[in-house]
Amino acid sequence: MEMYRDGYETYCLACENYGMESMNFYLYVRNLTVEQLNAFNQHTKGSGDYEV
């Protein structure tokens, strides 16, 4: 879950840089695409730090 939080923080910074309002964490996670979730799962399998 920490990786989702890291991604969310990056998203919030990008929104701030472009003057956009960011969505809350729940909506951020809920709106991730299948491709994004698959990429997250592949990354976590390779790192060995997280169990998905």
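About the criteria used
Residues numbered from 1 in each chain as written. Predicted model: local features only at pLDDT ≥ 70, side-chain atom pairs only at ≥ 80, totals over all residues. Heavy atoms only, no water. pLDDT = per-residue confidence, 0-100. Helix = DSSP H or I, 4+ residues; strand = E, 2+ residues; numbered from the N terminus. Core = buried A, V, L, I, M, F, W, Y, C linked by side-chain atoms within 4.5 Å. Buried < 20%, exposed > 50% of the residue type's maximum accessible area, 1.4 Å probe, protein only. Contact = heavy atoms within 4.5 Å. Expected span 1.5 Å × (residues − 1). Arc of directions from axis to C-beta. Phe/Tyr/Trp six-rings, centres within 6.5 Å; stacked < 30°, edge-to-face > 60°.

(A) Structural detail: the confidence of the model for the protein chain. Overall, the prediction assigns the protein chain a mean pLDDT of 82, with 85% of residues at 70 or greater. For the protein chain, the element scoring lowest by mean pLDDT is helix α3 (residues 34–47), at 76; helix α2 (residues 25–30) scores highest, at 92.

(B) The nonpolar core, seen in detail. Judged by nonpolar contacts, Y4, Y8, F25, Y28, L32 and F40 together constitute the single largest core of six residues. Those elements giving two or more residues to this core turn out to be α1 (2–17) and α2. Every residue in contact with Y28, bar those within four places of it in the chain, is listed here: Y4, G7, Y8, Y11 and M23.

(C) Local environment of α1. Over its 16 residues, α1 extends 23 Å from the first C-alpha to the last, a length consistent with the 22 Å expected when each residue adds 1.5 Å. For α1, the complete set of buried residues consists of Y4, Y8 and C15. The buried residues of α1 occupy one face: seen down the axis, they fall within an arc of 40 degrees. When the buried face of α1 is taken as reference, the exposed residues oriented beyond 90 degrees from it are E2, T10, L13, E16 and N17.

(D) Quick peek at the packing of aromatic side chains. This structure, assessed with the given rule, holds five aromatic pairs. For the ring pair Y8 and Y11, a centre distance of 6.0 Å and an interplane angle of 35 degrees mean the geometry is tilted. Here Y8 and its partner Y11 are both found in helix α1, three residues apart, which amounts to about one turn of the helix. A relative accessible area of 14% means that Y8 is categorised as buried. Using a relative accessible area of 21% as the deciding quantity, one classes Y11 as partly exposed. Every member of this aromatic cluster is reached through a ring pair, and the members are Y8, Y11, F25 and Y28.

(E) How the structure looks around the environment of Y8. Sequence separation between Y8 and M23 is 15 residues; the distance between their C-alpha atoms is 9.4 Å. Here Y8 is in contact with S22, M23, N24, F25 and Y28, once residues within four sequence places are set aside.

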